[in-house]
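Below are the chains, spelled out letter by letter.
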Amino acid sequence: MIPTSREPRRTRRRFLVVAAIVVLVLVGASVAMAAVALDRGPRLRAVTGDVSLTVSQRDLTLTLRTDQPLDSSSMEGLRIEPAAPADIDLDGASVRVRFTDLLDFDTVYRIVAPGLRSRATGATSAVEYTFTTPSNTVTVLERGGAFDRVDDTPDRVVRHDLSRETVTTLLSAPRIQEYADTPDGVVALVLAAEGGARLQTVDDAGVEATLPAPGRGDIRLLRASADAGRVGYVFTGPSADGTTEYTNTLFLTDPADDSAPRAVHGIDGMPLRTDAWFFVPGSAYLVAQAADRSLVLVDGTGVAPPRALGQLGDLRGILPGTTSVVVSSDAATSVLDLTNGSVTDVTGAPAATSTLGSLVLSPTSVLTWTGQEITRSTAEGSGVPLAVAGSGERLQEVCASPSGRHLAVGSAPEAAPIDGYPARADRVGRSTRIVDAESGEIETQLSGTRPDWCA
């Protein structure tokens, strides 16, 4: 049978009809989706800010970023549960929450925005962000005895979770001179009885490794920073290839890779020699005191060049709960704010030549101590006893937690012998009390020495 000319026309007609229907469906779907989008309120797109620092740093800001610019009415009903002191404001498509005080440990917080309103469409939506603050933990070093002991009793790095009342041994090894907490575990300087040392790490899964050292020599002032992602220490000795001799030189290494440690360079471009240095909390920076007694601010990642801070006195440490440093001279003890370079003298602080132990908690609050008593002095009044040594013991050291809320008070029996470790030697049988910095109330007492707070 010979086809007629009508069949191609029918085929073309059917095609056009089907195509028209498809186009109409797609147009309808697009219109529907556009209508839904116009009717949908703002959604949470991202959150910036480190919630783990809310227990140790005041004025920390969390920023909740949405996918639409926000109308000012979005502030209505915006709150924090449980209640916490904070300044909250809107900025374009962001809700900024600045916590003006420290948050509680091991607590679930919710930032609740019941009616975020789009500035463009007027559509509203309810948004919540939930986070849990870290537990209150303290890590201590429990030494197994004197350095020259003949038995195999190991030293242990032990973490106490005071919020949940749990105890975990992070690392066990003979003759641990010092250690530092890392983001996922701990790093320890382990000494050999016949000489030599290694930097041993262990992560939260219990996997151990050894970090490469610049060479065979003396390592001390071991520290670690989660923010910088680095481990640092001061090294004295020849390089591994024997071509360079280092003296009190600051080195940094990235525990995430196997690359060789990097010598930190000072303002003059030479390896930085130091006897005092600290990582700056909440940043990738560190501050060190150079051999000429000047202070240097260094980018731990090596990206930015070092910056001179001047000769302000001996570097004492980081002011608790801040990114400022404490310096002490014969004239005064002061706080240097690294964010703006301002220097504030500390009221009532002893000079650098004082025989009293001292610790600055704030520009207006100072602790001093002897072997028998800790006293807190403020700008408003004279010294008030905070804690005393127990019968037959002597106070050895006092340091503050990163937040400044607690003190670690080390003590040892009066007649206890020195353990003989080459560096960071201590009294045998030393223990540590965790004390409320305001009331002096003892929260717990632990076996061991040098909590991770006491860098």
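Residues numbered from 1 in each chain as written. Predicted model: local features only at pLDDT ≥ 70, side-chain atom pairs only at ≥ 80, totals over all residues. Heavy atoms only, no water.

Turning our eyes to something else, we now look at the nonpolar core. Ranked by internal contacts, the top residues of the largest apolar core, which has 19 residues, are L62, V95, F99, I111 and F131. Sorting the residues of this core by element identifies β2 (60-66), β5 (94-99), β6 (108-117) and β7 (124-132) as the ones contributing at least two each. Counting residues per element, this core draws most heavily on β6, at four residues. Beyond its immediate sequence surroundings of up to four residues, I111 is in contact with L62, L64, L78, R79, V97, V127, E128, Y129 and F131. (Core = buried A, V, L, I, M, F, W, Y, C linked by side-chain atoms within 4.5 Å. Buried < 20%, exposed > 50% of the residue type's maximum accessible area, 1.4 Å probe, protein only. Helix = DSSP H or I, 4+ residues; strand = E, 2+ residues; numbered from the N terminus. Contact = heavy atoms within 4.5 Å.)

Attention now moves to the packing of aromatic side chains. Applying the stated rule across the entire model yields nine aromatic pairs. Both rings, one in F147 and one in Y421, keep their centres 5.1 Å apart while their planes meet at 70°; by these two values the pair is edge-to-face. On the criterion of sequence distance, the pair formed by F147 in the loop between β8 (137-142) and β9 (155-161) and Y421 in the loop between β32 (406-413) and β33 (431-436) is long-range, its members being 274 residues apart. Each member of the pair F147 and Y421 is classed as buried. An aromatic cluster is defined as three or more aromatic residues linked by ring pairs; in this entry it consists of F99, Y109, Y129 and F131. It is R143 that lies over the ring of Y421; its NZ or CZ is 3.8 Å from the centre. (Phe/Tyr/Trp six-rings, centres within 6.5 Å; stacked < 30°, edge-to-face > 60°. Lys NZ or Arg CZ within 6 Å of the ring centre and 35° of its normal.)

Our next topic: the sheet that holds strand β13 (residues 197-203). Strands in a sheet are paired, the pairing made by backbone hydrogen bonds, and the direction either parallel or antiparallel. Here we have four strands laid out as an open sheet, ordered β11-β12-β13-β14, and antiparallel in their pairing. Lying at the two open borders of the sheet, with one neighbouring strand each, are β11 (176-182) and β14 (208-211). For this sheet the average axis-to-axis angle between neighbouring strands, irrespective of direction, equals 25°. (Pairing = 2+ DSSP bridges. Axes fitted to C-alpha atoms, helices over the stretch in contact; angles between N-to-C directions.)

This next bit is on the sheet that holds β32. The strand order β31-β32-β33-β34 describes an open sheet built from four strands, whose pairing is antiparallel. With partners counted over all chains shown, the strands left at the sheet margins are β31 (393-400) and β34 (442-447), one partner each. The average undirected angle you get between the axes of adjacent strands in this sheet is 25°. Note that β33 and β34 share five bridges and pair antiparallel. Within β34, the residue paired with T432 across the bridge is L446.

Summarising the model, the protein chain shows a mean pLDDT of 88, and 91% of its residues fall at 70 or more. Note that pLDDT drops below 50 for residues 1-5; the model gives that stretch zero contacts with residues more than four away or on any other chain. Between residues 27-37, whose pLDDT stays under 50, and residues either more than four places distant or in other chains, the model counts zero contacts. (pLDDT = per-residue confidence, 0-100.)

Taken as a whole, the second largest pocket encloses approximately 300 Å³ of empty space. Around the second largest pocket, the lining is made up of 21 residues, and of these D184, T201, L211, P255 and A256 lie nearest the centre. Listing elements by their share of the lining of the second largest pocket, those giving two or more residues are β13, β14 and β16 (230-238). By residue number, the principal contributor to the lining of the second largest pocket is β14, which donates four residues. Taken together, the residues that form the lining of the second largest pocket break down as 10 nonpolar, five polar and six charged. (1 Å grid on protein atoms, 1.4 Å probe; cavity = no way out; pocket = protein on both sides within 12 Å on 5 of 7 lines; lining within 4 Å. Points joined across faces, edges and corners; volume = space filled by probe spheres on them. Nonpolar A, V, L, I, M, F, W, Y, C, P; charged D, E, K, R; others polar.)

This part takes up unusual backbone geometry. A cis geometry characterises the amide bond from E81 onward to P82, with omega recorded as -10°. Its location among the elements puts P82 in the loop between β3 (79-81) and β4 (86-91). In the Ramachandran plot, R175 falls in the positive-phi region, its phi being about 60° despite a non-glycine side chain. Relative to the elements of secondary structure, R175 occurs in the loop between β10 (166-173) and β11. Its relative accessible area of 12% is what places R175 among the buried residues.

The final tally for this structure, using the stated rule, is one cavity of 30 Å³ or more. Empty space within the largest cavity amounts to approximately 30 Å³. Residue lining of the largest cavity: L44, L64, T66, V95, I111, A113, L116 and V127, and that is the complete set. With three residues, the single largest contributor to the lining of the largest cavity is β6. Here the lining of the largest cavity is composed, by residue class, of seven nonpolar, one polar and no charged.

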